[in-house]
Structures are given as structure tokens and as C-alpha cells.
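# Secondary and tertiary structure notes
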Amino acid sequence: MSEGRYGGHGGQYVPETLMNELIRLEESYEFYKKNPEFHRELEDLLNQYAGRPSLLYYAEKMTENLGGAKIYIKREDLNHTGSHKINNVLGQVLLAKKMGKKRVIAETGAGQHGVATATAAALLGLECEIFMGKEDTERQKLNVYRMELLGAKVHPVTTGTMTLKDAVNETMREWAMGVEDTLYVLGSVMGPHPFPMMVRDFQSVISREAREQILEKEGKLPAAVVACVGGGSNSMGMFYHFIEDKDVRLIGCEAAGKGLHTGQHAAAIAKGMPGIFHGMKSYFCQDECGQIAPVYSISAGLDYPGIGPEHAYLHDTGRAQYVPVTDGEAVGAFEYLARTEGIICAIESAHAVAYACKIAPAMAREDSIIICLSGRGDKDVAAIARYRGADIGE
Amino acid sequence: MWPQLQDIGGRTSVNRKQEKEREKESDRISGKGREQGMKTKTEIKIGDAFGHGKACIGFVTGGDPSVKKSEEFVRKMVQAGCDLIEIGIPFSDPIAEGPVIQEANLRALSAGIKMEHMFGLAAGVREKTDVPMVFLTYLNPVFRYGYEAFCAKCEETGVNGVLIPDMPYEEKKELLPYAEAHNVDLISVITPAPEQRIRMIAAEAKGFLYVMPSMGVTGGTGEINTDLGKIIALIRSVTDVPAAVGFRAGTSGQAAEMARPADGVIMESAIVSLIARHGEDAGEYIYDYVKKMKAAL
């Protein structure tokens, strides 16, 4: 299968028990991808329900303060449910409905993708079950309750490290039961083909809008676009329509956690090695024997040992650049954006803000940078307080 | 979420006399070293396991609870009548396995088990028995070890085949040339898939076919509502390679029932359950279980 490959990355490395459903999904997606009615319905959901198009906001105070390139912020945090995740789930859950499925299942780390999936399932009338590491259900009780309010059933995953990768394992195991009325709604540009392609297609609305918006405001393309990368869905969405614009730098910010030298990070490009896991060939944090490594980041959304295969390819070809950003840098940027622009962003997105702050001062004033602000930060306030040693009784 | 296994072998203690008989049997099987009446390593084929009654295929996770114990357990399995041994190479994230084998993987990994230990285990088994042996491993540890190095080492240590749960038909071509060059059969899995897919996979099968009678994970509960006979007939229409059925949980009678249309039965997690329960002392329980299973088949 040549499709589903990005250079040597990607593929369909899954148990035979998943192949039937995967092939069915691939065929259905290929059909609906070319179906104008599907696209009309999806666009309607995105615009009338999720609140698209999202704003491209000129951050004037930040620009003045940094004294270099103009800073633009793509406000995915203003979408319904508070992050870019809704773009993908509306696409996938609509597809599930078209395929005649009755039930969707999904993994979630911090709960953003779970909440988004539960939302779309509630709206489109499908049953929804979410698999979430037990550790994460305890750290993110609010999101668990939110999913339950939306009618989803949340299964705490008690295997392995009880975090995101184990939630993916368990969702794959559930999907392998081969129940024909069920579709796996994967949350990032990862996993076996067609997920990396399909999720990228649904998220590419970010750069389709941003490219038009920046041309309208600036009359030229940005010098750089910056986004955080865990599995890599907001960044892939942010990069996609700029890939052919060779002068636009594409920068993905990986979670360097407590520092790359500490071993406590989730930087698959900086510290990972090529590997095969969760259905794809890509870069993974792993030991020398190929055992998947436990990873760490203050940001639960970036706390994943791998990266999507298309990112791995963009890295190999040099088209995109991947940089590490530590917890400390991200927290600093989180606070800076709140004070400077009055925006409390997701700690994931703060990784991108941090790197933009680093490069903007040295760039020309007539150039611009777009930061993808993938989500809002309400969910992170307590963790930031803890990081700063403040007890806010959460 | 998963029901406990029923019928996982006798828990009664075994008396000395039986023990002695077993030792004799062991000597007979092992031939006390490769020289006396044993086959040469290259003569051993997966096909040896089939053709004399239903093949009884046993699975253990290598290094659970230690390499030395795994070797002992494998010996017990062979003494009790296992025709083919499947050794699982521990992996951090075994997505095709249910909780029983997942936990065995974690036990082995926390005991510090690495690939070299697995080859040591295989070599140890091969030194003493002619039993055909296959590894079950996820692809990443093989990818990191290097396809050529891995297959060469399998050949060297007497491993006859490899089953890789996360390498479906569509992805096997990257490993296949190395496996073929080193006489290692890549074992394929058949599920209740569309007929065309079953035929496609079976037509290229090597060694034996691992037939999953229902979807889900190993040791799972997945109700079997598929026509196993029909699947096996489809397989037989395109290949002579033997077909063994994965047996999840239940009585030996149920296993025998399942084996009827097939060439053998793979005990997916029953032996691993015994190891989970009895740890280092699992040997005699494994022997009794396999003996009972083999007799029923």
C-alpha cells in the first residue's frame, strides 16, 4: 500500500483483527472525501455550530513588547469546546453517521479530545465511550464529569502507565472486538492509515483560513508559523496549506518537559528514534530494545511518546523544524500571554507561544509569525498554580 | 471486564512416582543431548507439530518470571505433550493481548528481560528438544534489533517461525525477504474476515495459520458466532499449510470441540494464567493442564 506513506513513515501496522474495519473506514473516507454533500454538511457544522472561521488576531501589545516580527494568533481556543479538536471530531463523527455506525469510541489524554468527541456524538445522536488513563481521570476529574454530562461513558484504563498511550492501546483493543456498529474516532494525526491523512484533512481548515486571513491583513505570507506538537494534529492543520509556500518556516514545538537531558520529556523528534507503534512507522521515545518509554510533560496533551508520520516526514525532508520547549518556558509563556494580551491559553499552546517569543525579536518588523493557539487554558489553571507553589484548593 | 478462566488445570499436588515417570519421559524426549537420536537443527520444521493427531500448541511469555523458569515451563509443556511451543517476547504495549498476557509482559520486563535473553531461552530449549518453536513478538523490538540480525539469530538459536501481531498481510513484505533467507516462517493470522481476505492471506501462509475464531484480544471473551468450519474450508481451498485455532478460555472439552475442524489448538492464555497464579511453582500445574488438554484433543 503506497498510500498512507510519508516517505518511509506511516503504514498500517495493526493486528489483523483491526484490518477489516480499517479497510472499511478507508473506503468510506475516500468516498465521502469526494462527496460535495458531505463537505457542505461538515462546513455547516463547523460554521454554524463550532463557531468557525476562527479569528486571526493581531497581537499588537505582544508585537510591540517583543520588538520584532508581527505576532498573529490563530484563535482555535475560541472554537466550541475550547480547542482545535472539534474540527476533527465533527468530521469523523459525521463520517461515522454516514457509515451507519451507532457508536463511537475514542482515547483521550487530558480529556479535550474526549470532550470534543462526546460533544459531536451528542449532537449527531451517536453513543459514545471514552477510554482515559486512570491517572488522567484523577487529574482531570472535571473533564470526566463533562464527558458524562454529554452522555458519554468514560472507562478508566488501568493497564500499563495508565496514561494516554495506554488509553490508545485500550481503544484499539476495544475496536478489535470487531463490533460492526462502532467507529474509532482517533484524536490526532497518528495511528494507522487512513487516520493521519483523515485527521490532517479535517484539521487543515486551520491553515486554509489562516492563509487567506494573513494575505488579507498583510498582503503577504508569514515568515513563520508556529504550533505545538504532541501527536501533532493542530500543527499539521496549521502547516498543511503552507507546505508548498517554501519561504514560510514551519516550526513545531515539542514538549521538553523538565529538560531533554533529564529523560523526563515527550520529545519524539529531538530524543526519539525511528520505530513502529500504534499502527505507524515514525519517531518514538523508546529504549534501545524498542520498548516504548514512559514520557512526561506538564501538558497532558503533549504527553505522548510518538509523533504523527507526516511530521516525521516533514522533519526528514527539512521542510519543518521541530524544537524542544520546556515546562518552565511554557509556563512563562502562559503567564506572559495572559498578562500581555488577556488570553489564558492551553499549556500545550503555550509551548508555541514560548518559541515565538524566542524568535520574534530577531526578525524583521515587516515580517509576521502566526502562532496556532490550539486551545484555551481554563483546564490548566490549577496545574499552573501548583507549578508556582500556590494552593488554590483544587 | 474479563471473566476468569475456568478449568485451568489441576491444583492437586503431584506425587513422587509421577514425578519420576516424567523425568523418564523427559529423557526420552530430549534424548539427553542433540547427538543421541535427535534431529539436526535444520531438520526441525513447524510441520513436525502436525499430522499426528490434533496439535497442541502452548504459549508462554518469555522471562515470566525468569528465563530459567521459562525454560523449565517449556520443558514441562513438551513432556506433557505440546507439539509446538510459542514464546512471547515481552513488549511494553502489547495491543493485541488481553490482561492476562499484558501482565505477563510487564512481569518479564520488570525482571529486566531483553532480546538476548529470549535468544538464550530459545537456544536452551533447542538444545534439549526437537519441538518446533515460534516467537510471538511485536514489530518494534524486531525493527530496533534489525530485521537481518533478528532473523539470523532466530535461525542460529533454532526458532522456526515468528508471529508478529502488529504486522498484517499489507506490511509483511519488509520483513519477509530476511525471514525467508534464514528459514524462519512468518506466521499469519486469520480472523472472521471477508472470504477474499482469508483466501489472500492463506494462499501465502507459511508454517501454520493462527486462526482467531472471534475478534478481540487474546484471552478475551469475544463470543464465537462465526462458522469456524467454513473459515477452515476456505483456508484448505488455497493451501495445505495447517490451521490451528486460538483457544481463549473454557474447558478442555470445549477446546476439543473447537479443534474438530482444525489441525490444532493454541492455548492462548491458560498457561500464562497458571504462571500468574503459581509463579515459580507453576511447572506441575502446567504439566497437568497440558496433559489434560492433549488427552482431550
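What counts, and where the lines are drawn
- All chains use their own residue numbering, which begins from 1 and follows the written sequence.
- Going through the entries in the order they are written, you letter the chains from A and number the ligands from 1.
- Selection of residues for local features in this predicted model requires a pLDDT of at least 70, selection of side-chain atom pairs for listing and counting requires 80 or more, and totals for whole chains, interfaces and linings are taken over all residues.
- With hydrogens and water set aside, each side-chain value is computed from the structure's full complement of heavy atoms.
- Helix and strand assignments follow DSSP, with helices taken as H or I runs no shorter than four residues and strands as E runs no shorter than two, numbered in order from the N terminus.
- Contacts between residues were defined by any pair of non-hydrogen atoms, one from each residue, lying within 4.5 Å.
- Here, Shrake-Rupley sampling with a 1.4 Å probe gives the accessible areas, and only protein chains in the shown set may cover a residue.
- Patch membership needs two things, relative accessible area over 30% and no salt bridge, and members are linked within 9 Å if like-charged or within 5 Å if nonpolar (Val, Leu, Ile, Met, Phe, Trp, Tyr).
- The salt bridge criterion pairs a side-chain nitrogen of Lys or Arg with a carboxyl oxygen of Asp or Glu, the two atoms within 4 Å.
- Summed over both partners, the accessible surface that disappears when two parts come together, traced with a 1.4 Å probe, is what is meant by buried area.
- Only protein chains enter the accessibility calculation, which uses a 1.4 Å probe; a residue whose area is less than 20% of its type maximum is buried, one above 50% is exposed, and one in between is partly exposed.
- Paired strands, in this sense, are two strands between which DSSP finds at least two bridges.
- Only the six-membered ring of Trp is used, alongside the rings of Phe and Tyr, when aromatic pairs are assigned; centres must lie within 6.5 Å, and planes under 30 degrees apart are stacked while those over 60 apart are edge-to-face, with the rest tilted.
- Fitted lines through C-alpha atoms give the axes, limited to the stretch in contact for helices. The angle between two N-to-C directions lies from 0 to 180 degrees.
- Should the near helix be turned anticlockwise from the far one by less than a right angle, the crossing is termed left-handed; should it be turned clockwise, right-handed.
- Note on residue classes: Ala, Val, Leu, Ile, Met, Phe, Trp, Tyr, Cys and Pro are nonpolar, Asp, Glu, Lys and Arg are charged, and everything else, Gly too, is polar.
- Cysteine sulfur pairs qualify as disulfides if the two atoms are within 2.5 Å.

### Some thoughts on the overall build of chain B
- Each helix and strand in chain B was counted, giving 12 helices and 8 strands.
- Taking the intrachain contacts of chain B between residues at least 6 apart in sequence as the baseline, contacts between residues at least 24 apart amount to 75%.
- Per element, the accessible surface of chain B, about 11800 Å² overall, is 50% carbon and sulfur.

### Focus: a nonpolar patch on the surface
- On the surface, a nonpolar cluster with roughly 250 Å² of combined accessible area is contributed by Ile344, Val381 and Ile392 of chain A.
- Tracing the backbone shows Ile392 of chain A in the segment after α16 (381-387).

### Notes on the interface of chain B and chain A
- On the chain A side, the residues contacting the 39 residues of chain B number 37 residues.
- For the pair chain B and chain A, the summed buried surface comes to about 3100 Å²; carbon and sulfur atoms form 56% of the total.
- At the boundary of chain B and chain A, one finds 4 salt bridges.
- The closest approach of N and O atoms between Arg197 of chain B and Glu16 of chain A, which form a salt bridge, is 2.7 Å.

### Notes on the environment of Phe59 of chain B
Residue and element names in this part refer to chain B.
- Inspection of the secondary structure puts Phe59 in strand β1 (residues 55-61).
- Its relative accessible area of 4% is what places Phe59 among the buried residues.
- Each C-alpha atom of the pair Phe59 and Ser269 lies 7.0 Å from the other, and the pair is 210 residues apart in sequence.
- Each residue touching Phe59, except ones within four places of it in the same chain, is listed here: Met77, Glu86, Ile87, Gly88, Ile101, Leu136, Met267, Glu268, Ile271 and Val272.

### Some details on unusual backbone geometry
Residue and element names in this part refer to chain A.
- Here the residue pair Arg52 and Pro53 is connected by a cis peptide bond, since its omega of -5° sits within 30 degrees of zero.
- Mapped onto the secondary structure, Pro53 falls in the loop between α2 (36-49) and β3 (56-58).
- Here the residue pair His193 and Pro194 is connected by a cis peptide bond, since its omega of 10° sits within 30 degrees of zero.
- Along the polypeptide, Pro194 turns up in the loop between β8 (182-184) and α9 (195-203).
- Residues other than glycine seldom take positive phi values, yet Thr81 does so here, at roughly 75°.
- By the element assignment, Thr81 lies in the loop between β4 (70-75) and α4 (85-98).
- Look at Met162: it is not a glycine, yet its phi comes out positive at around 60°.
- Tracing the sequence through the fold places Met162 in the loop between β7 (153-157) and α8 (164-175).

### A closer look at the pairing of strand β14 (residues 368-373) of chain A
Residues and elements named next belong to chain A.
- By the criterion of burial, β14 is predominantly enclosed, with 6 of the 6 residues buried.
- The two faces of β14 match: Ser368, Ile370 and Cys372 on one face and Ile369, Ile371 and Leu373 on the other face are all buried.
- Sheet topology note: the β4/β14 ladder contains 6 bridges and is parallel. Following the sheet pairing, Lys70 is matched in β14 by Ser368.
- Inspection of the sheet shows strand β9 (residues 224-229) paired to β14 by 3 bridges, in the parallel sense.

### Quick look at the packing of aromatic side chains
- Inspection of every chain in the model, using the stated rule, returns 18 aromatic pairs over all chains.
- Residues Phe31 of chain A and Tyr32 of chain A carry aromatic rings whose centres are separated by 4.9 Å and whose planes lie at 85° to one another, so their mutual orientation is edge-to-face.
- Look at Tyr32 of chain A and you get buried, because its relative accessible area is 16%.
- Measuring from ring centre to ring centre gives 6.4 Å for Tyr145 of chain B and Phe150 of chain B, while their planes differ by 85°; the resulting arrangement is edge-to-face.
- For Phe150 of chain B, a relative accessible area of 1% corresponds to the buried category.
- Through pairs of rings, three or more aromatic residues link up here, namely Phe277 and Phe284 of chain A together with Phe91 and Tyr138 of chain B.

### Some remarks on the packing of helix α2 (residues 67-80) of chain B against helix α4 (residues 115-128) of chain B
Residue and element names in this part refer to chain B.
- One way to put it is that α2 packs onto α4 with a least axis distance of 10 Å and a crossing angle of 35°. In the packing of α2 onto α4, the handedness of the crossing is right-handed. Within the contact between the two elements, α2 uses Val67, Ser70, Glu71, Val74 and Arg75 and α4 uses His117, Leu121, Gly124, Val125 and Lys128.
- Grouping the constituent residues of the contact of α2 with α4 by class yields 4 nonpolar, 3 polar and 3 charged.

### Regarding the pattern of salt bridges
- Enumeration according to the criterion identifies 42 salt bridges over all chains in this entry.
- Of the charged contacts in the structure, one is a salt bridge between Arg52 of chain A and Glu76 of chain A, with a shortest N-O distance of 2.8 Å. You can see Arg52 of chain A sitting in the loop between α2 and β3 and its partner Glu76 of chain A sitting in the loop between β4 and α4, a full 24 residues away along the chain.
- Accessibility expressed as a relative area gives 0% for Glu76 of chain A, which makes it buried.
- Residue Asp48 of chain B is joined to Lys39 of chain B by a salt bridge in which the shortest nitrogen-to-oxygen separation is 3.0 Å.
- Since its relative accessible area comes to 25%, Asp48 of chain B is described here as partly exposed.
- Given the relative accessible area of 31%, Lys39 of chain B is considered partly exposed.
- In this structure, a network of salt bridges that share partners links the residues Lys33, Arg200, Asp201 and Glu310 of chain A.

### A word on the state of the cysteines
Residue and element names in this part refer to chain B.
- Per the counting criterion, the structure on display carries 0 disulfides over all chains.
- Among the cysteines around Cys56, which has no disulfide bond, Cys82 carries the closest sulfur, lying 4.3 Å off.
- A relative accessible area of 0% places Cys56 in the buried class.

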